[in-house]
Every structure is written in structure tokens, then in C-alpha cells.
Amino acid sequence: VYKRQVFINLTSVNEKTDAKPIHDAGYKLADEMFVKTTGGKGYANSTKVNTKPNWTCSGRRNIDPESRLGITTDLNFVEGYMKGVKNTGPQNFFLRECACPQTWEINGFSEMARRNNFDLTNLSSKDFWDLGEDDIIFKEVENGVVFKKIGFMAPMNEPDTFLINIAKFKTHQMGVTGAIKNLQGICGRKFHMFCGGHFDIFRTYDKRYHPFFHADYMDRIKELHQRHMEEGIPRWDTLMDRPPHGGGAFMEQWVQRMIDSYSVTPTGINMVEGIYGLDGNGFGSGPHDGRGKTYMSNNVIFGQDAFRVDIITHWLAGHEPGNFGLFHIGIERGVSDVLDPHDIP
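Read on for a plain summary of the structure. (Residues numbered from 1 in each chain as written. Predicted model: local features only at pLDDT ≥ 70, side-chain atom pairs only at ≥ 80, totals over all residues. Heavy atoms only, no water.)

Broken down by element type, the protein chain carries 9 helices and 12 strands. What you see for the protein chain is a C-alpha radius of gyration of 19 Å, in line with the 20 Å of a compact globule of 345 residues. The dimensions of the protein chain, computed from C-alpha atoms along their principal axes, are 50 × 50 × 45 Å. Out of the 345 residues belonging to the protein chain, those deemed buried represent 57%. Long-range pairs, those at least 24 residues apart, make up 72% of the contacts in the protein chain between residues at least 6 apart in sequence. If you sum the accessible surface of the protein chain, you get close to 15,300 Å²; carbon and sulfur atoms cover 50% of it. Of the charged side chains in the protein chain, 39 are positive and 43 negative; the average position of the first set lies 4 Å away from that of the second. (Helix = DSSP H or I, 4+ residues; strand = E, 2+ residues; numbered from the N terminus. Rg over C-alpha atoms; globule rule 2.2 N^0.38 Å. Buried < 20%, exposed > 50% of the residue type's maximum accessible area, 1.4 Å probe, protein only. Contact = heavy atoms within 4.5 Å. Areas by Shrake-Rupley, 256 points an atom, 1.4 Å probe, with all protein chains shown as cover. Lys, Arg positive; Asp, Glu negative; His and termini not counted. Charge placed at Lys NZ, Arg CZ, Asp CG, Glu CD.)

So, in C-alpha cells, the structure goes:
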């Protein structure tokens, strides 16, 4: 029954710069969620605990300080939460993020990992053939629309791992960046570019990447896009009038790539850290005199089912989940079974 439920943890932080209260909120939540077990139940302490925060690009100097923090999952929350999990027994912790490793030092991510002995390794700056054999995990995608096989940054998607997925409560051109989209960032170099560049960008990749994609995937995307327009998925009839982003065809390919990857990625817990949330395009600009704006939303949304977590996240952000094609196509492809937030306990 818990797999079908979504939980909302209310926090009471006054300012987004209040480091200790945010850290303590993460630690307290982990302490309530994870318990020590005996008799062979649960996970062994030797299990590798993988953590995926949303630590995308926020180190650019032209980003307004007001919205900079809202771009990424709060560092203090991630540290407090992981320490709370560690306190229950497991000792092998790994942080992985494909985007902008050059900003890790600037933002304090590297120092946090060092002082806690968390493994934060850059596995996204090299192509898979230049990585060690144990640095990338390949998973076959059964019935994939875009991908035949995907490469993930180890130990993501390894056996005997537990994945803690901690997204950020913020808006983005894909809607609200939630738990599902955050999983895009566990993929290796080039595999992860679901929403970057033109929707047919894979054809510009080194030919060594081409066997991982279905050769006819653009034809599949066009057929699915046409059918979904006829079925009335909201906004799927918009044109690619602002390439490379925008329009139903672009969203169709993003959703299909995302579900291909999601379908082979087991998660332990899916969370959206919303102690403060960002209204904007996800990277610092937005509708507030050209800038993004942060709000003290003081919530953390979590559950075992990423689709259900994201439906509630969109709803709490003030959006109608049915307006997003991701949720319709998730049901169509069998990775979700719900659309209305009122149907989610």
C-alpha cells in the first residue's frame, strides 16, 4: 500500500540561506523514514546507496543571486538527509550527476562530499569508450521507442544498490522538474541529453553512439506525435516555432526517451526537495522582470512511485497534471496507472 502513497513533509525554515535548519530538516526526515532491521529484512549495510540530487548548471556568473540557489537541490538538505540515512547503518554512499561537474567546487558540492566520505566522481566528462570498464553500466531497454540500450554512470543501476532520487521543486520548460526528470541525470555522457539540443541531435554524435538508438526512432516519434495530437494531449499540437526547444514534437521525443530510461531504473525512494521553490525556466531566468523567483514553500514531497510523486508535485506547484503529456504517455506505456491527484492517497 505504501508504494501507492505520496507523503508531504512540512518544514519550518525561515530563509533559503538558513543552512542549519535546512540540514536538520533533511536529517530528521531521513531518521523518520529509515529504520534498522533484523532477521534478514530490508537491505544489508553493505548495499551501495546511490543519491541523485538535481545539481545542474548554476555556477554561471550571470545568474541572479536571488534565483541561483533555487536551481539545484539544496546542498544542506542533501547532506543532512544522507547523514541521517548513514546513521542507520549503510556506509557506502555515492553521489552522481551528469551536468556541469565544473561547478561542483564553486557550489560546495565537492567539499561536502569530502568531509562526509561520500563518493562524488565525475563520470560524465568522458565518452563511454574512454571510461573504465566498471565506470558505466549498460542496460537493455525492452520495447524502447528511442533507445535500444542506455549507459548509466556506475554504480547507478548496479545490482545491490538503493537509489535515493532527490529532485528540486522548480519549474522548467518540461513543466515542473520532478523526480522523473531528475533521473535523466544518472545517464552517462551523451546518453543524458534528452532535453538538450535539437530533438534529432543523436545523429550528430560520434557513430559509436548510434547502435544504442533505434535507427528509425524519428519516424516512431513523428507517428506517436501525430497520434497523440489526434487523441488530444494538451499542447501537443504546438509547432517547433522556437527551435531547438518547444512544441509537441520536441516534447514527444523527450517523454519517450525519459520513459525508456525510467523503465530500466529501479528507485528506492523518490523525493522533491521544496523547502524553497523556483519559479522560472529552471536556470535563473523567468517571468519576474526577466528573472526567476524563489518562494519559501517549506515542503518535501516523497514516495516510492516517481510518477505519483510528480503528479502531486505539479499539483502543489499550481498546475493541472493532465496538462502534461508525460503523465498521459506514462499510462499508455504501462509505467503509471494514475493521472488525477485526488486518486493518490
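Now that the structure is up, let's keep going.
This next bit is on a nonpolar patch on the surface. On the surface, I8, L10, W315 and L316 cluster together into a nonpolar patch covering about 400 Å² of accessible area. Here W315 falls in the partly exposed class, since its relative accessible area comes to 38%. (Patch = residues over 30% accessible without salt bridge, like charges linked within 9 Å, V, L, I, M, F, W, Y side chains within 5 Å. Salt bridge = Lys/Arg side-chain N within 4 Å of Asp/Glu carboxyl O.)

End to end, helix α3 (residues 75-86) covers 16 Å across 12 residues, agreeing with the expected 16 Å (1.5 Å per residue, within 8%). Most of α3 sits inside the fold, with 9 of its 12 residues counted as buried. At the N-terminal boundary of α3, the capping side chain belongs to D74, with an oxygen 2.8 Å from the backbone nitrogen of N76. (Expected span 1.5 Å × (residues − 1). Polar contact = N/O pair within 3.5 Å; in protein donor to acceptor, adjacent residues only side chain to side chain.)

Glancing now at the pattern of salt bridges. This structure, assessed with the given rule, holds 19 salt bridges. Notably, a salt bridge pairs D337 with R4, separated by 3.3 Å at the nearest N-O pair. Of this pair, D337 sits in the segment after α9 (325-332) while R4 sits in the segment before β1 (6-10), and the two are 333 residues apart along the sequence. The partner of K149 in a salt bridge is E140, and the shortest N-O contact between them spans 3.6 Å.

It is worth spelling out the packing of helix α6 (residues 217-231) against helix α7 (residues 248-262) at this point. Where α6 meets α7, the closest approach of the two axes is 9 Å, and the angle between their N-to-C directions is 115 degrees. Accordingly, the angle class assigned to the pair α6 and α7 is roughly perpendicular. Crossing angle aside, the handedness with which α6 passes α7 is right-handed. Residues Y217, I221, L224, H225 and H228 of α6 lie in contact with α7, whose contacting residues are G248, A249, E252, Q253, Q256 and R257. Across the contact of α6 with α7, the residue classes break down as 4 nonpolar, 5 polar and 2 charged. (Axes fitted to C-alpha atoms, helices over the stretch in contact; angles between N-to-C directions. Parallel < 35°, antiparallel > 145°, perpendicular 65-115°, else oblique. Left-handed = near helix turned anticlockwise from the far one by under 90°. Nonpolar A, V, L, I, M, F, W, Y, C, P; charged D, E, K, R; others polar.)

With respect to the element layout, R308 can be found in helix α8 (residues 306-316). The residues contacting R308, other than those within four sequence positions of it, are K3, R4, V6, D337, V338, D343, I344 and P345.

Another point: the packing of aromatic side chains. Summed over all chains, the structure comprises 24 aromatic pairs. Measuring from ring centre to ring centre gives 5.1 Å for F191 and F212, while their planes differ by 90 degrees; the resulting arrangement is edge-to-face. Separated by 21 residues along the polypeptide, F191 in the loop between α5 (179-182) and α6 and F212 in the loop between α5 and α6 bring together distant segments of the chain. Side by side, F191 and F212 carry an identical accessibility label, which is buried. Each member of the aromatic cluster is reached from another via a ring pair, and the members are F128, W129, F138, F147, F191, Y205, Y209, F212, F213 and Y217. In this arrangement the basic side chain of K168 is found over the ring face of Y276, its NZ or CZ atom lying 3.5 Å from the centre. (Phe/Tyr/Trp six-rings, centres within 6.5 Å; stacked < 30°, edge-to-face > 60°. Lys NZ or Arg CZ within 6 Å of the ring centre and 35° of its normal.)

Next up on the list: the environment of A30. Summarising the element assignment, A30 is placed in helix α1 (residues 19-33). On a C-alpha basis, the gap between A30 and K86 in space is 9.1 Å, while along the polypeptide they are 56 residues apart. Apart from the residues within four sequence positions on either side, A30 is in contact with Y81, G84 and V85.

Right, let's get into the side chain of K16. Structurally, K16 can be placed in the loop between β1 and α1. Side-chain polar atoms of K16 contact the side chain of T294, separated by 3.1 Å.

On to the environment of Q304, then. Residue placement: Q304 occurs in the loop between β12 (299-303) and α8. The spacing of Q304 and I164 is 140 residues in sequence and 9.9 Å in space, taken between C-alpha atoms. Aside from chain neighbours lying at most four places away, what touches Q304 is Y2, K3, T267, G268, I269 and N270.

Geometrically, the link from A154 to P155 is a cis peptide bond, its omega value of 5 degrees lying close to zero. Locating P155 in the fold gives a position in the loop between β6 (149-153) and β7 (161-172). Positioned with a positive phi, C100 is a non-glycine residue whose angle comes to about 55 degrees.

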